[in-house]
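Architecture and fold: a report
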Amino acid sequence: MTANRPLRIFYLEDNPLIVFHVEAMIEDLGHIFAGSLASFSDLKASIDGIEMDAALVDIDLADGATGPAAAAWLYERGIVSLFISGQEHIAAEHAAVSLGTISKPIALDEFAAKMELLQIAIRSKS
Amino acid sequence: MLDWVLVLAPYRKDAAYMTSLLLEHGIRAQAATAEDLGDRLAELPGVVVVTHEALNPAAIKVIAQFLADQPNWSEIPIVILLDRAAPARQIQSALTAAWPRSRQTFHQRPVAALELVSGIQSALLTRFRQREVRDYLERETELRLELNHRVKNILASVISIFQMTRRGATSIDGLSEDFAGRLSALSNVHAVAFDEGADEIALDQVVGATFAPYRSQERSAIQISGPAVLVSRAAGTTLALCLHELATNAIKYGALSTPEGHVAVTWDLSPAPDPVLTMHWAETGGPPVVEPTRVGYGTRYMRSALTGLFGSRPTFAFAPEGLRFMAQAPLSRLTQTPRSS
């Protein structure tokens, strides 16, 4: 973390309890929580107002199983993402548009490791 | 019936005769040859009809291979037409051994048209039942996946509640009390949602279940009123957890910490189209309100969850006469019920 620039992390998730928890984990790791929305359609509607370096994306959202489409949409805009999902088999089918998957329920170790992965990916891009 | 019959009858015009006979009775049938038998079986017919002349080692082997490759729900009915002079019992036992996992029925030629048609109809019915079992098994697999998904989500929620409760805890007793209270709130709203058996739940049910633990005293310190409103299960869960935070705060520090205190929980809908739901929480008669110096779990959770759910931040007013809370959202945001794939 130390020499690394903090990342602005956005979270696409429709379960407010998990958003609440992940927000705290993001901040504990020294990053910035860039907000959260519950559906892909909300994301498309408000993308211009969100400043993010990376996104965390659930598979099932308030508008259906639109997480993979959202990750692909973000990917086209140059934003890397990670899935956070208990449906790892579905996430694995969309590996091309995402950097990987954090399993749900979330383990802190895995979360921290995947956030470092994000940081490396973003650093090597710039 | 949408199912179809595969006919393997190589002698002269037997196949053509049989397929047209079946068609006359509304049964789709197609003829196979020794060459295309394997491919036709792969199209999964409902019933296979085989005549005596077709029973050569090569064809028996192709059918045996098809039977071995069948999905677990399948035991395809095979109707076999034997010559009158043939050693029926011997053939029967040979085919039973060669073709496991099939439902074989035997007829001796000449077979009357009526007998053949009704035999095949009954075989198709058997097949129909098998396909029903297949649909049932598929549905069960789907349900198991869905259940697994939901359990994972609930466990993820519980872990989040625990981790966030732990952060704010200053003692083991405090931690266990707060954690148990939050789990009960989650459990109570789940019970309501399950009882209603629908994707939407009535707001007064959500509110009622959340306050039920606190309403057992003789006086009703909590007044609840508002029009009938249905919300999605997810919205109902979030609202229940928020109301639980408000209630426990009121019991510890607010109006419900004194015998004279009251809480009014009210909601209202603006007129259609696009009605807006406004929820109020107003405490009166409690000790003088002091704005907390530290933002705790309850406030942070409510801000985070309601901002997501309602699309705008809820407001807290630490009025001297009692805490007030207000949240507002277009009703459409609270009624969206996603259908997971």
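Residues numbered from 1 in each chain as written. Chains lettered and ligands numbered in written order. Predicted model: local features only at pLDDT ≥ 70, side-chain atom pairs only at ≥ 80, totals over all residues. Heavy atoms only, no water.

1. With respect to the overall build of chain B
When its secondary structure is counted, chain B shows 10 helices and 12 strands. Relative to the 2.2 N^0.38 estimate, which gives 20 Å for 341 residues, the radius of gyration of chain B is 34 Å and therefore markedly larger than a compact globule would have. A principal-axis box enclosing the C-alpha atoms of chain B has dimensions of 105 × 45 × 35 Å. Only carbon and sulfur atoms are counted for the fraction: they give 57% of the accessible area of chain B, which is about 18300 Å². Across chain B, the centroid of the 32 positively charged side chains sits 4 Å from that of the 34 negatively charged ones. (Helix = DSSP H or I, 4+ residues; strand = E, 2+ residues; numbered from the N terminus. Rg over C-alpha atoms; globule rule 2.2 N^0.38 Å. Areas by Shrake-Rupley, 256 points an atom, 1.4 Å probe, with all protein chains shown as cover. Lys, Arg positive; Asp, Glu negative; His and termini not counted. Charge placed at Lys NZ, Arg CZ, Asp CG, Glu CD.)

2. So, the nonpolar core
Counting 51 residues, the largest nonpolar core has Phe211, Trp281, Tyr301 and Leu306 of chain B as the members making the most contacts within it. Take this core: its biggest share by element is 9 residues, from helix α8 (residues 233-252) of chain B. In terms of nonpolar packing, the next biggest core, distinct from the first, is built from 22 residues, Val22, Phe111 and Met115 of chain A together with Ala156 of chain B among them. (Core = buried A, V, L, I, M, F, W, Y, C linked by side-chain atoms within 4.5 Å. Buried < 20%, exposed > 50% of the residue type's maximum accessible area, 1.4 Å probe, protein only.)

3. As for the interface of chain B and chain A
Taken residue by residue, the interface counts 25 residues in chain B and 24 residues in chain A. Counting each side, the surface lost to burial between chain B and chain A is near 2100 Å², with a carbon and sulfur contribution of 61%. Broken down residue by residue, the surface that chain B buries against chain A is led by Lys152, Met164 and Arg167 of chain B, which jointly contribute 22%. For the pair chain B and chain A, the number of links is 3 salt bridges. Its salt-bridge partner being Arg167 of chain B, residue Asp28 of chain A comes within 2.4 Å of it at the nearest N-O pair. In this assembly, chain B and chain A are joined by 6 residue pairs in polar contact (both at pLDDT 80 or more). For the side of chain B that touches chain A, the elements supplying multiple residues, two or more each, are α5 (113-168), α8 and α9 (297-310) of chain B. Broken down by element, the residue count for the side of chain B that touches chain A peaks at 12 residues, all from α5 of chain B. Residues that form the side of chain B that touches chain A fall into these classes: 10 nonpolar, 10 polar and 5 charged. (Contact = heavy atoms within 4.5 Å. Buried area = accessible area lost by both parts, 1.4 Å probe. Salt bridge = Lys/Arg side-chain N within 4 Å of Asp/Glu carboxyl O. Polar contact = N/O pair within 3.5 Å; in protein donor to acceptor, adjacent residues only side chain to side chain. Nonpolar A, V, L, I, M, F, W, Y, C, P; charged D, E, K, R; others polar.)

4. Quick look at the packing of helix α1 (residues 14-24) of chain B against α5 of chain B
Residue and element names in this part refer to chain B. The interhelical angle for the contact between α1 and α5, taken along N-to-C directions, is 70°, at an axis separation of 11 Å. Between α1 and α5, the crossing angle belongs to the class labelled roughly perpendicular. Contact with α1, carried on its side by Tyr17, Met18, Leu21 and Leu22, involves Ala113, Leu116, Val117 and Ile120 of α5 and no other residues of that element. The residue makeup of the contact of α1 with α5, split by class, is 8 nonpolar, no polar and no charged. (Axes fitted to C-alpha atoms, helices over the stretch in contact; angles between N-to-C directions. Parallel < 35°, antiparallel > 145°, perpendicular 65-115°, else oblique.)

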